[in-house]
Amino acid sequence: MSIQSDIKRKTAVDIRAMKGGNPIVSLTAYHAHTARIIDEFVDFMLVGDSLGMVMHGLETTVPVTLDMMILQGHAVMRGSKKALVVVDMPFGSYEASREDAFRSGARVMKETGCGAIKMEGGVRMADTVRFLVERGIPVMGHVGLTPQAINTMGGFRVQGREEAQWAAIEEDAMAIAEAGAFAMVLEGMAEPLAAKITEQVPVPTIGIGASPACDGQILVLEDMLGLSPWVPKFVKRFGSLGGMIQGAVEDYAREVRQRSFPAPEHTYGMKKK
Ligand code: KIV
């Protein structure tokens, strides 16, 4: 068999093997350029359906389509070499039947070249997770706050604040782990519950707003860079890209209006005769 590349990209199996070891670092990515920048530092990058809000200004992830995910998944694969790329399955592309889920998942993997997909849901999705994994599609689960269910949940709320809610969420996590998910996102979850699930399940838990008790963490890149106009309370901003872009664009607009841009060094090299 011929080898296509010298650089070995991480796989779902590598991420699975990180359970209980060094914390897993991950971020979302939707474009080739940002994928290239973060590739060095993350174990996996997620082409999240949050791209609906971040790239398209949608209010929820519900309208995101499979074609949107495939387009950006392909871009992220082109921009990265080392990290595992996981592509989110958008609402409506996998819930109706396990056969539907396989068709959508296989399309995502063939057309993007990504190494795994992610699906929201616990007990209700376990049979589908097993069906896909048995047929060669690595699946990352996603339990706790599941944004695609916003219309039935009535809003984004931290899960497991009351101990009475824990059992159902623990069952969700265990069901998808037993079905063969290689890792799972725990979103918007109270710390004691996230800690308990992390201890119980044999696969890595990746927290977002779910405390340091998880095996790894994920953030939406634009949120942590300070580019998103609104971020959930738990997000720490590691940069202020929004302000930088605004400053740079103000400088550019001023120079254009003053006719001082482009200066000679920024003009195509045509000499006057
Ligand atoms: O869509 C997304 O970006 C996600 C992460 C928040 C985990 O699912």
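Every value quoted in this text rests on a predicted model; they were computed, and no experiment measured them.

Visitor: Please provide a residue-by-residue account of the sheet that holds strand S5 (residues 139-144), values included.
Guide: The eight strands are arranged S1-S2-S3-S4-S5-S6-S7-S8 in a closed barrel whose pairing can be described as parallel. On average, each strand axis in the sheet is inclined to that of its neighbour by 25°, with strand direction left out of account. In terms of strand pairing, strand S6 (residues 183-187) meets strand S7 (residues 205-208) through four bridges, oriented parallel. Paired with Leu186 across the bridge in S7 is Gly207. Strands strand S3 (84-88) and strand S4 (116-118) of the sheet are contacted by helix H5 (residues 98-112), whose axis makes an angle of about 135° with S4.

Visitor: So what's going on with the side chain of Glu187? Which residues, and what values?
Guide: Assignment of secondary structure puts Glu187 in strand S6. Put simply, Glu187 is tucked away with no salt bridge, and the nearest opposite charge, on Lys118, sits 6.2 Å away. Not counting residues within four places of it along the chain, the set of residues in contact with Glu187 comprises His142, Val143, Gly144, Leu145, Pro147, Gln159 and Ile208.

Visitor: Quick rundown of the site of the ligand? Include the residues and the values.
Guide: Neighbouring the ligand are Thr28, Leu46, Gly48, Asp49, Ser50, Asp88, Lys118, His142, Val185 and Ile208. Within the contact set of the ligand, an oxygen atom lies 2.5 Å away from a side-chain nitrogen or oxygen of Ser50. Note that an oxygen atom of the ligand is positioned 3.0 Å from one of the side-chain N or O atoms of Lys118. Protein chains shield 95% of the accessible area of the ligand, which is 260 Å² for the free molecule. Cavity membership is defined here by more than half of the atoms lying within 2 Å of grid points; on that basis the ligand lies in the largest pocket. Across the shell around the ligand, the residue classes tally to three nonpolar, four polar and three charged.

Visitor: Any chance you could break down the packing of helix H4 (residues 66-79) against H5 for me, citing the residues and the numbers?
Guide: At their nearest, the axes of H4 and H5 sit 9 Å apart, and the two run at 35° to each other. When you trace H4 past H5, the crossing you get is right-handed. Residue-level contacts link Leu66, Asp67, Ile70, Gly73, His74 and Met77 of H4 to Ser104, Arg107, Val108, Glu111 and Thr112 of H5. Looking at side-chain class alone, the contact of H4 with H5 contains four nonpolar, four polar and three charged residues.

Visitor: I'd like to hear about helix H9 (residues 191-200), residue by residue, with values.
Guide: Here H9 has its buried residues at Leu193, Ala194, Ile197 and Thr198. In a view along the axis of H9, the buried residues occupy a sector of 135°, so they form one face of it.

What counts, and where the lines are drawn
- Residues numbered from 1 in each chain as written.
- Predicted model: local features only at pLDDT ≥ 70, side-chain atom pairs only at ≥ 80, totals over all residues.
- Heavy atoms only, no water.
- Pairing = 2+ DSSP bridges.
- Helix = DSSP H or I, 4+ residues; strand = E, 2+ residues; numbered from the N terminus.
- Axes fitted to C-alpha atoms, helices over the stretch in contact; angles between N-to-C directions.
- Contact = heavy atoms within 4.5 Å.
- Buried < 20%, exposed > 50% of the residue type's maximum accessible area, 1.4 Å probe, protein only.
- Lys, Arg positive; Asp, Glu negative; His and termini not counted.
- Salt bridge = Lys/Arg side-chain N within 4 Å of Asp/Glu carboxyl O.
- Near = heavy atom within 4 Å.
- Polar contact = N/O pair within 3.5 Å; in protein donor to acceptor, adjacent residues only side chain to side chain.
- Areas by Shrake-Rupley, 256 points an atom, 1.4 Å probe, with all protein chains shown as cover.
- 1 Å grid on protein atoms, 1.4 Å probe; cavity = no way out; pocket = protein on both sides within 12 Å on 5 of 7 lines; lining within 4 Å.
- Sits in = over half its atoms within 2 Å of the grid points.
- Nonpolar A, V, L, I, M, F, W, Y, C, P; charged D, E, K, R; others polar.
- Left-handed = near helix turned anticlockwise from the far one by under 90°.
- Arc of directions from axis to C-beta.

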